[in-house]
Amino acid sequence: MYQKILPFLSFVVIAITTPVFAADYKLSKPEEVGLSSERLINMDRLIDEHVSQKKIGGAVVLVARKGQIAYFRASGLADSGKAMQRDTIFRIVSMTKPITSTAIMMLYEQGKLLLSDPVSKYIPEFRNQKVLVPQPEGSAFPYKLEPVKREVQIRDLLAHTSGILYLFLNDVYPSPGRNMVVQMYKEAGITDGFCRPDEAIGEMVKRLARLPLYAQPGEVWEYGLNSDVLGYLVEVVSGQKFDSFVEERIFKPLKMNDSHFYLPREKLHRLAAVWKSDWQGGLVRADDKPIVVGDLCLNPGDARAQSGKYLSGGASVLSTAYDYFRFTQMYLNGGELDGVRILGRKSVELMTATNHSGRFDAEFLHSKGWKFGLGFAIQQDREHAVDSGDIGTYEWAGIYSTRFSVDPKEQKITIFLSQTNPFGHHFELWDKVLVQSASAVAD
Amino acid sequence: MKLSTSDTITKSLFAMIVLLLFYPVSAMATGPRVTTALFSPHENEIHSVNLPPFISSEVIDGGVVSEIVRAVLKEAKVDAVITSHPVKRMLMYYLLQENALAVLGQHMHFSEEQKQHLIFIPLTITQQKYYYYKPAHPQGLVIPVEGSNLKDITYGAHRGEDIGAYEKAGIAIKYGRTTALLKKLKSTEVDFISMSPLTVEWLLERYLKAEKENYVSMDEDAGTETLYIIFNRKHAEGEAAALAFRKALSKMVRDGDLKRIVEKHLGKGEKGKLYLRRLETFQ
């Protein structure tokens, strides 16, 4: 009996634990693109360990090199009683930002705007902005509002140097000035957009523009609502709703068929659940109620809405590993994929150039040695502790634990998608995934 | 106190509000989204919060109150522009910290010492009504002056609003912006709010059109709110500007200039006349 079922069991084990080269994904063997199958088993081990230890519910990991997917594996659970699939759909949240940056760069290439343009040229509410300067304790008024030395430019929004904040970082980087600005955001009904508000993005952006900045434009790197402003800017400049623009001009040409701002009903069953993890084996499927911790508000249930008003350029997209591979491969190819050009090579170079990315370290996701270009964090030197990638590697991540990395020198893309809260534990796992990906290079 | 103000409301005010409730919103169709003046740097700024449809960059010519103020300023030869802000605390900052020429607003509280330096000119009174969300209270919601049934319900208030009577009645209070309060009614975070019917009408039309029928006003009056222009004596031109403004306002009411502005925003019907009468009562 045992001998009879052994082949079947072996097949099941192999099917579950090794990359499956499904025809529709056009996969290659790792060795064909200079990667080691043997070494990629370390990736299996890493993810399986985290799944079996109940640190994460499951994950999809994709590694591509030289334009070919060489590793594409789904592990664990997508939802209670439902295995993770390679086509599982994820809330990619802040991995929306590079998509929004792409839309802006397309308008830039069309001559519709310049990166040096003040944002107020298109959104008048950005005129005459003020910067909040906290006053010493005991002062008659707790802050002063000083005029901006120069207006916020489109480039500032792409590079997060505008002085616009995210509310949730108030808990991470507490300071009197930040807290005062965040309290004003709250009073004005500004949210981070992770819990989709019931209003159009333009309404929020116009209020945000009338509130003080946290710092002088260009004089700080501060991760904030900049991509949300860019999303509205796309609407103003193109005359199209932001989601329509992205769908028509980016998703459709790149055949990102499973990328959406609001998920069609027929794809709901492919949506991954969010898991709450204490990283010590306490893993619980989150319900669809908002998760509110301090100034952070997440709402896993938002992803089940089929329609809504809020189109966040910083957070709204739902997507798959394969779709995001196509998006990043377009970048790796210098702006085109399968004969469809989205951006010119020079624009891609501008966005990802290490010598254009400013003097500030982008320390939120990484550490010293990483700068923020025009849509991505870019590795600029070897100071960063996890340093398997090359200088020039560009990356970003999402708050439900998603991460991508593009290494132009090795022509390699790594995508890790999970749906786990809180995200703070995941930095180590993400970095280890990137180490495994880099370690598999074998040519 | 709002819960016991019905006897102070004149019949004309009540009639005005009833008429305003039925006022066609199409008459206030959004025009150019912003005017240059709203965003120009200027030595003399009058700071304001958004109070649609009275003061808002989303309404044609900034709304009826904005246009009246600008017209009066012109008549008074006071060179100033209106700058709008999304939060009231910025008004307080500009008025008290940067000695701005003036602010436009309601629900603003000042210390006695601060009042010494301020000149209050009432611009208009808006009648307030209580609203609730019908699906949350299908049997209706009644707010008696003293009601033991109020302990389990929540009132949605604007920051700075006088909430003493509600607290006394044991009603829980939650705060929010005007639009947010309407949404909190729907999400049942709050049970009732008080607001100008014209504001409610405008916001529902713009943001919650499909839900308009679910927002129901109560029979009880919710009192009135006065919208002031508050000039600053600490500004070099504050006192003179206030005097000139008051004189010009009276003259324009007498000459019928304001009637034209009111009719432009509120139409030629009875509600426009009533609105104008409110202005006349201050002269």
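Refer to the preceding data block for the structure.
Residues numbered from 1 in each chain as written. Chains lettered and ligands numbered in written order. Predicted model: local features only at pLDDT ≥ 70, side-chain atom pairs only at ≥ 80, totals over all residues. Heavy atoms only, no water.

Assigned secondary structure in chain B consists of 10 helices and 8 strands. Taken over 283 residues, chain B has a buried fraction of 56%. Contacts in chain B between residues at least 24 apart in sequence constitute 73% of all its contacts with a sequence separation of at least 6. When the accessible surface of chain B is summed, it comes to about 12200 Å², and 51% of that surface belongs to carbon and sulfur atoms. (Helix = DSSP H or I, 4+ residues; strand = E, 2+ residues; numbered from the N terminus. Buried < 20%, exposed > 50% of the residue type's maximum accessible area, 1.4 Å probe, protein only. Contact = heavy atoms within 4.5 Å. Areas by Shrake-Rupley, 256 points an atom, 1.4 Å probe, with all protein chains shown as cover.)

With that settled, the discussion passes to the overall build of chain A. Secondary structure assignment for chain A yields 12 helices and 19 strands. Here the C-alpha radius of gyration of chain A, 22 Å, is about what a compact globule of 443 residues would show, namely 22 Å. Seen through its principal axes, chain A has C-alpha atoms that stretch 85 × 45 × 45 Å. When each of the 443 residues of chain A is scored for burial, the buried share is 60%. Put simply, of all contacts in chain A between residues at least 6 apart along the chain, 68% involve residues at least 24 apart. (Rg over C-alpha atoms; globule rule 2.2 N^0.38 Å.)

This next bit is on the pairing of strand β8 (residues 215-232) of chain B. Residue and element names in this part refer to chain B. Note that strand β3 (residues 102-105) and β8 share 4 bridges and pair antiparallel. Across the sheet, residue A102 finds its bridge partner in β8, namely F231. Across 13 bridges, strand β4 (residues 118-133) lies against β8 in antiparallel orientation. Its bridge partner being in β8, F120 is matched across the sheet by I230. (Pairing = 2+ DSSP bridges.)

Glancing now at the environment of G334 of chain A. Residue and element names in this part refer to chain A. Topologically, G334 is positioned in the loop between α10 (321-332) and β12 (336-337). Taking the C-alpha atoms as reference points, G334 and G344, separated by 10 residues in sequence, lie 6.8 Å from one another. When neighbours within four sequence positions are excluded, G334 is seen to be in contact with R341, L343, G344, R345 and V348.

Residues and elements named next belong to chain A. Enumeration over the complete set of coordinates arrives at 1 disulfide over all chains. Here C195 is linked by a disulfide to C297, with a sulfur-sulfur distance of 2.1 Å. Disulfide C195-C297: torsion about the S-S bond near -90 degrees, hence left-handed. Taken together, the positions of C195 in the loop between α6 (176-187) and α7 (201-209) and C297 in strand β10 (residues 296-298) put the pair 102 residues apart, joining distant regions of the chain. Looking at C195, the relative accessible area reads 15%, which means it is buried. (Disulfide = S-S within 2.5 Å.)

What follows deals with the packing of aromatic side chains. Applying the stated criterion to the full structure yields 38 aromatic pairs over all chains. Summarising the aromatic geometry, the rings of F141 of chain A and Y93 of chain B are spaced 5.3 Å apart at their centres and angled 65 degrees between planes, so their arrangement reads as edge-to-face. Of this pair, F141 of chain A sits in the loop between β5 (130-134) and β6 (143-147) while Y93 of chain B sits in helix α3 (residues 88-97), each in a different chain. Residue class for F141 of chain A comes out buried when judged on its relative accessible area of 14%. (Phe/Tyr/Trp six-rings, centres within 6.5 Å; stacked < 30°, edge-to-face > 60°.)

The partner chain A presents 24 residues to the 27 residues of chain B that form the contact. The interface formed by chain B and chain A contains 2 salt bridges. Across the pair R206 of chain B and E203 of chain A runs a salt bridge, and its minimum N-O distance is 3.3 Å. At the boundary of chain B and chain A, one finds 9 residue pairs in polar contact (both at pLDDT 80 or more). (Salt bridge = Lys/Arg side-chain N within 4 Å of Asp/Glu carboxyl O. Polar contact = N/O pair within 3.5 Å; in protein donor to acceptor, adjacent residues only side chain to side chain.)

In this section: the pattern of salt bridges. Residues and elements named next belong to chain A. Under the counting rule described, the total for this entry stands at 42 salt bridges over all chains. A salt bridge links E395 to R403; the shortest N-O distance between them is 2.5 Å. Judged by relative accessible area, which is 3%, R403 ranks as buried. Each of R65, K66, E410 and D443 takes part in salt bridges that share partners, so that together they form one network.

It is worth spelling out the environment of R196 of chain A at this point. Residue and element names in this part refer to chain A. Tracing the sequence through the fold places R196 in the loop between α6 and α7. The class for R196 is buried, based on a relative accessible area of 17%. Considering only alpha carbons, one finds R196 and N299, 103 residues apart in sequence, at a separation of 7.7 Å. Look past the residues within four positions of R196 in its chain and what remains in contact with it is F261, Y262, D302, Y310, S316 and L318. In this structure the side chain of R196 is engaged in a polar contact, spanning 2.7 Å, whose partner is the backbone oxygen of F261.

All names here are of chain B. A sheet is described by the order of its strands in space; here 8 strands give the open sequence β2-β1-β3-β8-β4-β7-β5-β6, paired in mixed fashion. Strands with a single pairing partner mark the edges of an open sheet, and in this sheet they are β2 (81-85) and β6 (172-175). Between one strand axis and the next, the sheet turns through 25 degrees on average, direction left out of account. Most of the contacts of helix α7 (residues 197-207) go to β4, to which it runs at about 60 degrees, and overall it touches β4, β7 (192-195) and β8. (Axes fitted to C-alpha atoms, helices over the stretch in contact; angles between N-to-C directions.)

Now for the side chain of E211 of chain B. Residues and elements named next belong to chain B. With respect to the secondary-structure elements, E211 resides in the loop between α7 and β8. On the accessibility criterion, E211 (15% relative accessible area) is buried. Only 2.7 Å separates the side chain of E211 from the side chain of N214, close enough to count as a polar contact.

What follows is about the side chain of K371 of chain A. Topologically, K371 of chain A is positioned in strand β14 (residues 370-372). Of the polar contacts made by the side chain of K371 of chain A, one reaches the side chain of D361 of chain A; its length is 3.3 Å.

What follows deals with the packing of helix α3 (residues 97-109) of chain A against helix α9 (residues 242-251) of chain A. Residues and elements named next belong to chain A. Contact pair α3 / α9: the axes reach a minimum separation of 10 Å and the direction vectors enclose 80 degrees. The orientation of α3 relative to α9 falls into the category roughly perpendicular. Contacts from I99, T100, T102, A103, M106 and L107 in α3 reach F242, F245, V246, R249, I250 and F251 in α9. (Parallel < 35°, antiparallel > 145°, perpendicular 65-115°, else oblique.)

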